Amino acid sequence: MTQSRTFARLLVVLGAAVAAMALLSPVASAAEPKPGYTQFKGCPSKAEVPIAAFCQRVNIKSGHFQMGSKTVPIEKPMNLIGGADEFGNFVGGVFPPVPQKVPGGVVGLTGLTWLLELFGSEALTLYATTEIAGIPGNIFTEPKKLPIKVHLTNPSGLLGNNCYVGSVTNPIVLNLQFGTTSPPPPNKPITGVNPEITFDGETNIIHFKGGQLVDNAFAAPGASGCVLTLFGFIPISINGLVNSQSGLPSAAGKNETRQNVDVELTQTETVYGP
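Since this is a predicted model, take the numbers as computed values, not measurements. (Residues numbered from 1 in each chain as written. Predicted model: local features only at pLDDT ≥ 70, side-chain atom pairs only at ≥ 80, totals over all residues. Heavy atoms only, no water.)

**Student:** Got a minute to help me understand the pairing of strand S4 (residues 90-94) in this structure?
**Tutor:** If a strand is regular, its side chains alternate between the two faces of the sheet. Counting buried positions along S4 yields five of five residues, so the element is predominantly enclosed. Examined bridge by bridge, strand S3 (residues 78-84) and S4 share four bridges and lie antiparallel to one another. Bridge assignment links Gly 82 to a residue of S4, and that residue is Gly 93. Between S3 and S4, which pair antiparallel and follow one another directly, the connecting turn spans five residues, one of which, Gly 88, has a positive phi of 95°. (Buried < 20%, exposed > 50% of the residue type's maximum accessible area, 1.4 Å probe, protein only. Helix = DSSP H or I, 4+ residues; strand = E, 2+ residues; numbered from the N terminus. Pairing = 2+ DSSP bridges.)

Below, the structure is given as structure tokens:
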């Protein structure tokens, strides 16, 4: 009986993981929005998801993401584009990858200063790309749940292709809000910024401008899949180095993100027609 229950739980977890990946995978046959609504491309149409009622685009313009002892500035805008049913439950969308440059590069991540002599600073540039690792929460409620994983990459391929902090089975779960957080110590409460809300009657789009979403109560797991590949054929696992140098895993109350956002919301039929 115990084995059956364990197996059933594993199937549920696997099913959820597959569903999450399917929901946020770019769909090659996705419908084309009407002219003037191309910013919502990736939001499912009613033809693709019959219960889709709303389209939303969250434009993350700037901010920062701090895990453990490392802080990554958000210098390039990112867009989470998704659809929701009439109750605000997420029904699919896309989060196009946008690599953000990590200060300190591979040397800062690993502490291996001798790499500079072998490769030079340019070849040791490091990028962090946020990827969805689960199904986002209801678009109408706050805090806004967003399960993610962070992909660490290097143009020279020194870290391999699978260096991550977080995964589908062990994600970094953000609970973003415009209000005030309640983190465990040592972090103290921080407050976001409520957006200015306007409605454009011509386009039927509700605009939420100038908001700031915050969270400093999330935990970050340790790194996995990080392999230093020297000369293209000598793989060395460096998960331990990455964790010790970056202060990972990092418990709740020791991390923070601030994200400056503009949000657009409208009905699915507005984007694609009836």
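So, next bit.
**Student:** What is the right way to look at the confidence of the model for the chain in this model?
**Tutor:** Predicted coordinates in areas of low pLDDT are best not read in detail. Here the chain averages 89 in pLDDT, and 89% of its residues register 70 or above. A low-confidence stretch, residues 1-29 (pLDDT under 50), is modelled with 22 contacts involving residues beyond four sequence positions or located in other chains. (pLDDT = per-residue confidence, 0-100. Contact = heavy atoms within 4.5 Å.)

**Student:** What is the right way to read the state of the cysteines from this model?
**Tutor:** A covalent bond between the sulfur atoms of two cysteines is what we call a disulfide. By the definition in use, this model includes two disulfides. Here Cys 43 pairs with Cys 55 through a disulfide, and the sulfurs are 2.0 Å apart. Measuring the twist about the S-S bond at about -85°, one finds the Cys 43-Cys 55 disulfide to be left-handed. Here Cys 43 is found in the loop between helix H1 (2-23) and strand S1 (54-67), whereas its partner Cys 55 is found in strand S1, with twelve residues between them in sequence. On the accessibility criterion, Cys 43 (1% relative accessible area) is buried. The residue that forms a disulfide with Cys 163 is Cys 226, at a sulfur-sulfur distance of 2.0 Å. Its S-S torsion of about 75° marks the bond between Cys 163 and Cys 226 as right-handed, since a negative value means left-handed. (Disulfide = S-S within 2.5 Å.)

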